[in-house]
Amino acid sequence: MTKIKENSTNFANKKALADECPEIYASNIIGGQWALAICCYLINGKMRFGELRKKLQNITERMLTLQLRRLEEDKIITRTVFAEVPPRVEYELTEIGYKLKPIILEFEKWGNEHKQIMDKE
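Going by an unreviewed UniProt entry, the protein carries the name Transcriptional regulator and comes from Chryseobacterium culicis.

Okay, structure coming up:
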């Protein structure tokens, strides 16, 4: 996952939009298929890395690690490491992360409705 160069026009445009529009700001944080998918699984409670990896069958370990780190940086999830052998790590939504639950459920509802419309064509 590459970062946008901070001196690029693309970066400036994204920042300007995010500063002006809270919806764009939110979309930038949970946008993309993996971040939202991870949040969808974590709304039901804590999960370990291996559990998330099994649920997200097409994600690579590297991409899952990168996405989890980014969500942790954005304060959407917390990572708890237990001093055990082998080490155990659990991921959980933060308080602000759990506030995504009604939004995720509405996305699910909207997605199902839209899919039905598209399947009729």
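### Here's the deal with the packing of aromatic side chains
This structure, assessed with the given rule, holds 0 aromatic pairs. Here the guanidinium or amino end of Arg88 rests over the ring plane of Phe82, the centre of that ring lying 3.7 Å away.

### What about the UniProt feature "domain: HTH hxlR-type" (unreviewed entry) in the protein?
The sites that UniProt annotates as "domain: HTH hxlR-type" (unreviewed entry) are residues 21-119. Along residues 21-119 one finds 63% helix and 14% strand; the C-alpha atoms at either end are 33 Å apart.

### Here's the deal with the pattern of salt bridges
Within this structure, the stated rule accounts for 3 salt bridges. A salt bridge links Arg70 to Asp74, with the shortest nitrogen-to-oxygen separation between them at 3.5 Å. Several salt bridges converge on common partners, so that one network encompasses Glu84, Arg88 and Glu90.

Calculation rules
- Residues numbered from 1 in each chain as written.
- Predicted model: local features only at pLDDT ≥ 70, side-chain atom pairs only at ≥ 80, totals over all residues.
- Heavy atoms only, no water.
- Phe/Tyr/Trp six-rings, centres within 6.5 Å; stacked < 30°, edge-to-face > 60°.
- Lys NZ or Arg CZ within 6 Å of the ring centre and 35° of its normal.
- UniProt positions renumbered as here; feature names shortened; annotations may be inferred.
- Helix = DSSP H or I, 4+ residues; strand = E, 2+ residues; numbered from the N terminus.
- Salt bridge = Lys/Arg side-chain N within 4 Å of Asp/Glu carboxyl O.

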